[in-house]
Amino acid sequence: MKNTLLALLRKALIATLFVAFQHGALSADYIGPLFDAHLHYNEEAWNGQAGPHPVADVLTRLKRNGVKAVVSNSRPNDGTQLLAAAVAAQKTGTDASRGAPTADLTVVPFIRLYRTRDDYTNWFRDESIYQMVEAEFAKGTASGPYRGLGEFHLYDSANANGAVAKKLMAFAENQQLAVLAHVDDVAIELLMANTPSKGQKTRLIWAHTGIGGASIARVDALLGKYPLLMGELSYRPGLTCGEATGAERLCPEWRALLLKHPTRFLIGSDTWVNQRWQYYDALMQGYRQWLGDLPQEVARKVAWNNGAALFGLPLLAP
Ligand SMILES: [Zn+2]
């Protein structure tokens, strides 16, 4: 009788610890590789080699944060070309002088639609942008062909139906390019409707998963409707909840959504201004903290496997 009671108590204690661990109370940071699915290497970061964040600086930051792959795009595309060339040169050993050794870094190049800041508000109707994208796609990079278009922005959802926006969505799907779009939920539906498959075969990475704070129910519904829609989580309102511990923790409803769709989310730095490069370490540390709230298998997916699967990189073993 006494033994049975002890066994029951022990069982209850283990169950309590397990639940606590599952909910992050005792969780440790995620320590595996990271896939940064939203990186910019814009002109002001390097200014033709002499900016505050030359390639060597960027590569050092990625390396010390365990970032092993990046979706790179830049205004103009020269920044991505430069990064792709530096990493390719290191892989072949032709130029080891440009930064820390990064033979294990993969650059997944995307074509940015912006040559200058003016293009932000006009790209969806500017035929010369379409021509620029075609030419850039034909050129490719030293790290291989372009794999996506974007990031692009739509501040008015209706512009998803602009003549050039329509052509670019069809181009992306026909060339099997992913799309990185900073848009609202209404524009997601319009962009998807403008593809040959009506969004059923479109690999669309939703930057910030709705920076305006689309409801969790709405995000859930869109993930259900479009099988290859992915949510990138930088700047997502409501994702993490302030903790007395000072650590970044997932809010319960977001944790539930990530558990419901473990293969559909990605992390990203969104280094859209140089300040984001300065805080790159803290950004990645924040991700590692809340990734630690998730079951290991789910953390590995969001941190790495989901991005790797999108672009054919090796997956982490279970
Ligand atoms: Zn961005």
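Structure: see above.
If you're wondering where the values come from, they're calculated on a predicted model, not measured in any experiment. (Residues numbered from 1 in each chain as written. Predicted model: local features only at pLDDT ≥ 70, side-chain atom pairs only at ≥ 80, totals over all residues. Heavy atoms only, no water.)

Visitor: Just checking my understanding: could you explain the overall build of the protein chain for this structure?
Guide: In terms of regular secondary structure, the protein chain is built from 12 helices and 10 strands. Put simply, the protein chain has 318 residues, and 54% of those count as buried. Sequence separation of 24 or more characterises 76% of the internal contacts of the protein chain that already satisfy a separation of 6 or more. Carbon and sulfur atoms form 59% of the exposed surface of the protein chain, whose accessible area is close to 13,900 Å². (Helix = DSSP H or I, 4+ residues; strand = E, 2+ residues; numbered from the N terminus. Buried < 20%, exposed > 50% of the residue type's maximum accessible area, 1.4 Å probe, protein only. Contact = heavy atoms within 4.5 Å. Areas by Shrake-Rupley, 256 points an atom, 1.4 Å probe, with all protein chains shown as cover.)

Visitor: What is the right way to look at empty space enclosed by the protein in this model?
Guide: One simple way to see leftover space: roll a probe sized like a water molecule over the atoms. Under the counting rule described, the total for this entry stands at two cavities of 30 Å³ or more. Approximately 40 Å³ is the volume found for the second largest cavity. Lining the second largest cavity are L113, W123, L149, F152, A165, L168, M169 and V179. Mapped onto the lining of the second largest cavity, the elements with two or more residues apiece are β4 (148-153) and α6 (163-174). Per-element accounting of the lining of the second largest cavity gives the leading share, three residues, to α6. Partitioned by chemical class, the residues of the lining of the second largest cavity number eight nonpolar, no polar and no charged. (1 Å grid on protein atoms, 1.4 Å probe; cavity = no way out; pocket = protein on both sides within 12 Å on 5 of 7 lines; lining within 4 Å. Points joined across faces, edges and corners; volume = space filled by probe spheres on them. Nonpolar A, V, L, I, M, F, W, Y, C, P; charged D, E, K, R; others polar.)

Visitor: Would you explain the coordination of the zinc ion in this entry?
Guide: Around a metal, the perfect tetrahedron of four donors has angles of 109.5 degrees, and the perfect octahedron of six donors has angles of 90 or 180 degrees. At 2.0 to 2.3 Å from the zinc ion lie its protein donor atoms, namely H38 (NE2), H40 (NE2), E151 (OE) and D270 (OD). Coordination at the zinc ion comes from four donor atoms whose angles at the metal span 86 to 169°, giving a geometry best classed as irregular. Between consecutive donor residues of the zinc ion, the sequence gaps follow H-x1-H-x110-E-x118-D. In this pair, H40 is assigned in strand β1 (residues 34-40) and E151 in strand β4, connecting sequence segments 111 residues apart. In terms of burial, H40 and E151 fall into one category: buried. (Donors = N, O, S within 2.8 Å, 3.2 Å for Na, K, Ca; no water. Tetrahedral: all angles 85-135°; square planar, octahedral: opposite > 155°, others 65-115°.)

Visitor: Quick question: what am I supposed to make of a nonpolar patch on the surface here?
Guide: On the surface, a nonpolar cluster with roughly 270 Å² of combined accessible area is contributed by I211, Y235 and W272. With respect to the helices, strands and loops of the structure, Y235 is situated in the loop between β7 (230-232) and β8 (240-241). Relative accessible area serves as the criterion here: at 36%, Y235 is assigned to the partly exposed category. (Patch = residues over 30% accessible without salt bridge, like charges linked within 9 Å, V, L, I, M, F, W, Y side chains within 5 Å. Salt bridge = Lys/Arg side-chain N within 4 Å of Asp/Glu carboxyl O.)

Visitor: What's the story with the state of the cysteines in this structure? I'm lost.
Guide: In a disulfide, the sulfur atoms of two cysteines are covalently bonded to one another. Taken as a whole and judged by the stated rule, the model has one disulfide. Linked covalently through their sulfurs, C241 and C251 form a disulfide whose S-S length is 2.0 Å. On the S-S bond that ties C241 to C251, the torsion sits near 125°, and the link is right-handed. Taken together, the positions of C241 in strand β8 and C251 in the loop between β9 (249-250) and α9 (252-260) put the pair 10 residues apart, joining distant regions of the chain. Looking at C251, the relative accessible area reads 3%, which means it is buried. (Disulfide = S-S within 2.5 Å.)

Visitor: Looking at this structure, how should I read the packing of helix α3 (residues 55-64) against helix α4 (residues 78-92)?
Guide: A pair of packed helices is captured by two measures, namely the crossing angle of their axes and the spacing between those axes. Look at α3 against α4: their axes get within 10 Å of each other, and the N-to-C directions meet at 70°. In this view, α3 runs roughly perpendicular relative to α4, as classed from their interaxial angle. As for the relative orientation of α3 and α4, their crossing is right-handed in sense. When α3 is examined against α4, the residues V55, V58 and L59 are found in contact with a partner set consisting of L82, L83, A86, V87 and Q90. Class assignment for the residues of the contact of α3 with α4 results in seven nonpolar, one polar and no charged. (Axes fitted to C-alpha atoms, helices over the stretch in contact; angles between N-to-C directions. Parallel < 35°, antiparallel > 145°, perpendicular 65-115°, else oblique. Left-handed = near helix turned anticlockwise from the far one by under 90°.)

Visitor: What is the right way to read the environment of L239 from this model?
Guide: Structurally, the position occupied by L239 is in the loop between β7 and β8. C-alpha separation for the pair L239 and R255, spaced 16 residues apart in sequence, amounts to 8.3 Å. In this structure L239 touches L233, R249, L250, C251, W254 and W290, once residues within four positions along its chain are discounted.

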